[in-house]
Structures are given as structure tokens and as C-alpha cells.
Amino acid sequence: MNELILKGLGKRKVRSILNKWIKDQINVCLEYANGRIAFDEYIYLDKYGVDDFDEDGMLVDELFEFIGNRI
């Protein structure tokens, strides 16, 4: 199911979502964790413009694998 969602979005859109997610994660860590950087394991695609995404979240590793583990 996740693979179909990712194919529908395309690699360019997934790469854009991951870039925004990385920046958000770093900003949250700098603001609330006193500079300690720790990334969440899941990404919530509805926060990044993917409408009607009803699942709890998608593993970030799956998104990185989809785009070839490169940003």
C-alpha cells in the first residue's frame, strides 16, 4: 500500500517532503531539546500537503529507500 502511495506522489515530491521534514526536525530539536538532535521514526504526510492520508504515519526509512537513499 505504501509503495502505491509513494509511486503516486513521485520521487520529486517525496524528496521535497523529506527535505521539509529534515528541516522541521532540526528546528524542533534546536528549540526544545537544547541542541540534541534526534529524528522521529515516522513522518505524517498530511502535514506536508498530502491530502486524505488517513494512516498513522509512514516510516521515514521507506521514503528514503524509495528515492534511493539520497536527498
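Scope of this entry: the structure provided in the associated data block. (Residues numbered from 1 in each chain as written. Predicted model: local features only at pLDDT ≥ 70, side-chain atom pairs only at ≥ 80, totals over all residues. Heavy atoms only, no water.)

### Notes on the overall build of the protein chain
We count it as follows: Secondary structure elements follow DSSP: runs of H or I no shorter than four residues count as helices, runs of E no shorter than two count as strands, and numbering proceeds from the N terminus. Accessibility here uses a 1.4 Å probe with only protein chains present; expressed as a share of the type maximum, an area under 20% marks a residue as buried, one over 50% as exposed, and anything in between as partly exposed. Charge counting treats Lys and Arg as positive and Asp and Glu as negative, with His and both chain ends excluded. In this description, the location of a charge corresponds to atom NZ of lysine, CZ of arginine, CG of aspartate or CD of glutamate.
Within the protein chain, the regular secondary structure consists of three helices and two strands. Its helices and strands taken in sequence order, the protein chain reads α-α-β-β-α from the N to the C terminus. When burial is assessed residue by residue, the protein chain has 28% of its 71 residues classed as buried. On the protein chain, the mean spot of the 10 positive side-chain charges and the mean spot of the 14 negative ones are 12 Å from each other.

### Some words on helix H2 (residues 11–32)
Basically, it comes down to this: Any helix carries an expected span of 1.5 Å times its number of residues minus one. An arc is given here, and it is the one of the directions from the helix axis to the C-beta atoms. Contact definition: two residues touch when any of their heavy atoms are within 4.5 Å.
Compared with an ideal rise of 1.5 Å per residue, which puts 22 residues at 32 Å, H2 spans 31 Å between its outermost C-alpha atoms and is within 8% of the ideal. Val-14, Ile-17, Leu-18, Trp-21, Gln-25 and Cys-29 are the residues of H2 that are buried. The buried residues of H2 occupy an angular sector of 100° when the element is viewed end-on, so they sit on one face. Of the exposed residues in H2, the ones pointing more than 90 degrees away from its buried face are Arg-12, Lys-23, Leu-30 and Glu-31. Taken together, the buried residues of H2 touch helix H1 (2–9), strand S1 (42–43) and helix H3 (60–66).

### Some remarks on the nonpolar core
The condition is simple: By convention a nonpolar core is built from buried Ala, Val, Leu, Ile, Met, Phe, Trp, Tyr and Cys residues, the set being connected through side-chain atoms within 4.5 Å.
One finds Val-14, Leu-18, Ile-43, Leu-45, Met-58 and Leu-63 to be the most contacted residues of the largest nonpolar core, which totals 15 residues. Where this core is concerned, the elements lending two or more residues are H1, H2 and H3. Looking at which element gives the most residues to this core, the answer is H2, with four residues. With residues up to four places along the chain from it excluded, the contact list for Val-14 reads Leu-6, Leu-9, Leu-63, Phe-66 and Ile-67.

Treat this as a map of the structure, not an account of what it does.
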